[in-house]
Structure formats: structure tokens, C-alpha cells
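# A look at the structure
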Amino acid sequence: MKKEKGQLIVLSGPSGVGKSTVIAELFGQRENIYFSVSYTTRQPRVGEQDGVNYNFVVREEFERMIAADELLEYAEYVNNYYGTSLKAIQDKLNAGVDVLLDIEVQGAAKVRARCPDALFIFIIPPSFEELSRRLHRRNTDSEDVIAGRLEKAKIEFKEIPSYDYLVINDKVSGAVAEIEAILKAAECRVENRKSILAQFA
Ligand code: 5GP
């Protein structure tokens, strides 16, 4: 059944936890869900495509978007800007499509203030050592950048209590199943079933 309004879903988790893989798998098995392609000033990694993984822009363009109030939220993360286009997600939500934001904790806090009905999910690896192993295995960042990302992860973990759900990405299929369960529970909320309820009034 088509929803009147889409569900905004915020997914955060440290760089290297495997969010992209989990998201790809989730999107492979769900319909009516849109991935918000963020804007960033960071350089594309090998295999990343402009307009698919991110919209890659220069700093001046990002700062223009901030000044023009075109972003729902933005943050600076390991010396680069990352932000969410407001218009793109509003159009989808109004069309009844769920929207997933893959954003870090400062951005998530801004979304929490502006969109209290959003679902906030934090995804962690099974251990800190495993996070380090995954960042090294990815083989895309220098040792300095990896160290910065691990330090950042420790700061991010402190924000977990302000999220609604904690998903553990030991196996991708397990993490996806947990997210599916969260989304199903949200769909069953009374406030999300108002249109069905009307006939019982
Ligand atoms: P990466 O460089 O590894 O792709 O992403 C670094 C961090 O930026 C990740 O934690 C990711 O969730 C976050 N991120 C990606 N897009 C956005 C965005 O639009 N806004 C914010 N606040 N964070 C983002």
C-alpha cells in the first residue's frame, strides 16, 4: 500500500563499518525507498561515481549551497564538507517514498532538531579491532587518514545514546535483517496507519 508520507531514515556509523554494503543489500530487497545522494567536497574513491555515491563538488560550490540554504544539514568531517540537499528529499517524502540518509553524527543531530519523526539508526562493527581491520582492508586511504577515521569513530560512539536503534554489522545479512525489522515496526506505528484507522471510526 502506498504511504501518504515517506519515512525519513537516518543511518550513521563510523567510516569503514560497511554501511555502503548494507545499504546496497537493503535497497536490493526493498521497494519504495530512495537513497539521498549527498554532496561532498572529498575526492572520489576508486569505483565511486558522481551522482551515484555522492555529488562531488568543489568547496566554493558547497559554500554557495550553505549560503543559499539549500541543505537540510551539513557537517565538516575529516577536512571535507558533506551535506544533504533539502529539495531532493522533500519531493520524495511528499510522494510517499522512504528516504535514507547515510550521514555522520553532527548532521544527524541537525536532522533530529528539524525532523523529530525521523528514525535514527546507528550501525557498529562487532568490535573496534574489526573496524580497524576493515579500514585497512578497504585499501583506499592512507595510514594518516585511517588513523583520523578511527579517532573520529571513538568520538562518534559517544553519540549512540541519542539514536533510536543500534544495529551490529557482523554479517551484512544480519545487519540488513535488523534494519528491515526496524522499518517494519515503524510502518506498524498507529500514527503511520491513520488512513486504515479512519474506516473503523
Ligand atoms: P565517507 O568519506 O567515508 O564516504 O563518509 C564519511 C562520513 O560522512 C560518513 O560517516 C558518512 O555517513 C558521512 N556523510 C556522508 N554524507 C553525508 C551528509 O550528507 N551529511 C553528513 N552530515 N554526513 C555525511
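Here we summarise the structure given alongside this text. Bear in mind the structure is a predicted one, so any value in this text is a computation, not a measurement.

So, how was this worked out
Residues numbered from 1 in each chain as written. Predicted model: local features only at pLDDT ≥ 70, side-chain atom pairs only at ≥ 80, totals over all residues. Heavy atoms only, no water. Buried < 20%, exposed > 50% of the residue type's maximum accessible area, 1.4 Å probe, protein only. Helix = DSSP H or I, 4+ residues; strand = E, 2+ residues; numbered from the N terminus. Pairing = 2+ DSSP bridges. Salt bridge = Lys/Arg side-chain N within 4 Å of Asp/Glu carboxyl O. Near = heavy atom within 4 Å. Polar contact = N/O pair within 3.5 Å; in protein donor to acceptor, adjacent residues only side chain to side chain. Areas by Shrake-Rupley, 256 points an atom, 1.4 Å probe, with all protein chains shown as cover. Nonpolar A, V, L, I, M, F, W, Y, C, P; charged D, E, K, R; others polar. Arc of directions from axis to C-beta. Contact = heavy atoms within 4.5 Å.

Among the seven residues of strand β5 (residues 71-77), five are classified as buried, and the element is accordingly described as predominantly covered. Hairpin connection, β5 to strand β6 (residues 80-85): the antiparallel pair is bridged by two residues, and V78 has positive phi, about 40°.

Let us look at the pattern of salt bridges. This structure, assessed with the given rule, holds 19 salt bridges. Among the ionic pairs, K3 bridges to D98, the shortest N-O distance being 2.6 Å. Highlighted residues: K3 in the segment before β1 (8-12) and D98 in strand β7 (residues 98-102), separated in sequence by 95 residues. A salt bridge links E130 to R137; the nearest nitrogen and oxygen atoms lie 3.6 Å apart. On the basis of relative accessibility, which here comes to 14%, the residue E130 falls in the buried class. Of the residues examined, R137 reaches a relative accessible area of 58% and is grouped as exposed.

Let us now look at the site of the ligand. Looking at the ligand, there are 18 residues lining it, with R42, Y54, Y82, D102 and E104 nearest. Residue E73 places a side-chain N or O atom 2.7 Å away from a nitrogen atom belonging to the ligand. Out of a free accessible area of 510 Å², the ligand has 96% covered by protein chains. Counting only elements with at least two residues in the shell around the ligand, the list comes to β5 and β6. Looking at the shell around the ligand residue by residue, the classes come out as five nonpolar, six polar and seven charged.

Within helix α1 (residues 19-29), burial applies to K19, V22, I23 and L26. One side of α1 carries all its buried residues, which in axial view fall inside an arc of 100°. Exposed side of α1, more than 90 degrees from the buried face: S20, A24 and G28 are the residues found there. Those residues of α1 that are buried are in contact with β1, β2 (33-35), β7, β8 (119-124) and α7 (172-187).

Just distances and angles here, no functional claims.
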